[in-house]
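A closer look at the structure
Take a look at the letters that make up each chain.
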Amino acid sequence: DAGVTQSPTHLIKTRGQQVTLRCSPKSGHDTVSWYQQALGQGPQFIFQYYEEEERQRGNFPDRFSGHQFPNYSSELNVNALLLGDSALYLCASSYERGAYEQYFGPGTRLTVT
Amino acid sequence: AQTVTQSQPEMSVQEAETVTLSCTYDTSESDYYLFWYKQPPSRQMILVIRQEAYKQQNATENRFSVNFQKAAKSFSLKISDSQLGDAAMYFCAYGDAGGTSYGKLTFGQGTILTVHP
């Protein structure tokens, strides 16, 4: 049973560029949440997708957007990258928007130079 | 807004000993979930234990148990018979059971646990 997978593992971008991160949920899960984790900090909730719609959003600017596909996989897009966007981006999947039993992927380490 | 506070940036324990990690939270909700997650170095986050706020009984998972004090808004994690593999960053997290914030997890700042052989 495949767990949550994310790609790419690492990414280096230049300030002002755009980036797309990808996530495949654990088999049978229909909800995907994205979190940003700065070095040495706890994850911060970005948004959650369920039934291909954004259902919850944290305190992040509109430069952060996402998408969920019919197969429940998801993308996180960040436009106009800032140095402060450098972080580990975590994807978590669960059933039916549940706050419980969220399974996390290994993350994508984004470095903005 | 809900907040989660972990006041111990670092803790250490000898192998086979017991250690307790502290967590406090703030919420106006009566129904919610609390979690402890473990994040080993360069490895992914793993759910250690979960507690439903409506349950009086403290959750237990093998060597891991919690002390849930709802009135005090306290949620500590006890690790018994500590093993070298327990070394990791531990995060306390809160999730609403319903309402407009349902589905969002709020995390604390984390506690780095070192296990000495």
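Structural notes, computed from the coordinates. (Residues numbered from 1 in each chain as written. Chains lettered and ligands numbered in written order. Predicted model: local features only at pLDDT ≥ 70, side-chain atom pairs only at ≥ 80, totals over all residues. Heavy atoms only, no water.)

**Quick word on the interface of chain A and chain B**
Taken together, the 22 residues of chain A in the interface contact 22 residues of chain B. Carbon and sulfur atoms make up 52% of the area that chain A and chain B hide from each other, which totals about 1800 Å². Along the contact surface separating chain A from chain B lie one salt bridge. A salt bridge links Arg-50 of chain B to Glu-101 of chain A; the nearest nitrogen and oxygen atoms lie 2.9 Å apart. Joining chain A to chain B, the criterion identifies six residue pairs in polar contact (both at pLDDT 80 or more). Taken together, the elements giving at least two residues each to the side of chain A that touches chain B come down to β4 (31-37), β5 (44-50) and β9 (87-94) of chain A. The leading source of residues in the side of chain A that touches chain B is β4 of chain A, at three residues. Broken down by class, the residue content of the side of chain A that touches chain B amounts to nine nonpolar, 10 polar and three charged. (Contact = heavy atoms within 4.5 Å. Buried area = accessible area lost by both parts, 1.4 Å probe. Salt bridge = Lys/Arg side-chain N within 4 Å of Asp/Glu carboxyl O. Polar contact = N/O pair within 3.5 Å; in protein donor to acceptor, adjacent residues only side chain to side chain. Helix = DSSP H or I, 4+ residues; strand = E, 2+ residues; numbered from the N terminus. Nonpolar A, V, L, I, M, F, W, Y, C, P; charged D, E, K, R; others polar.)

**Let's talk about the layout of surface pockets**
Put simply, the largest pocket is a space of about 470 Å³. Around the largest pocket sit 21 residues that line it, and Arg-109 of chain A together with Gln-39, Pro-40, Pro-41 and Ser-42 of chain B are the ones nearest its centre. Here the lining of the largest pocket is composed, by residue class, of 10 nonpolar, nine polar and two charged. Considering only enclosed or pocket space, the second largest pocket measures out at about 250 Å³ in volume. Around the second largest pocket, the lining comprises 13 residues; the ones closest to its centre are Pro-43, Gln-44 and Phe-45 of chain A together with Lys-104 and Thr-106 of chain B. Examining the composition of the lining of the second largest pocket, we find that three residues originate from one element, strand β11 (residues 105-107) of chain B, more than from any other. Residues that form the lining of the second largest pocket fall into these classes: six nonpolar, six polar and one charged. (1 Å grid on protein atoms, 1.4 Å probe; cavity = no way out; pocket = protein on both sides within 12 Å on 5 of 7 lines; lining within 4 Å. Points joined across faces, edges and corners; volume = space filled by probe spheres on them.)

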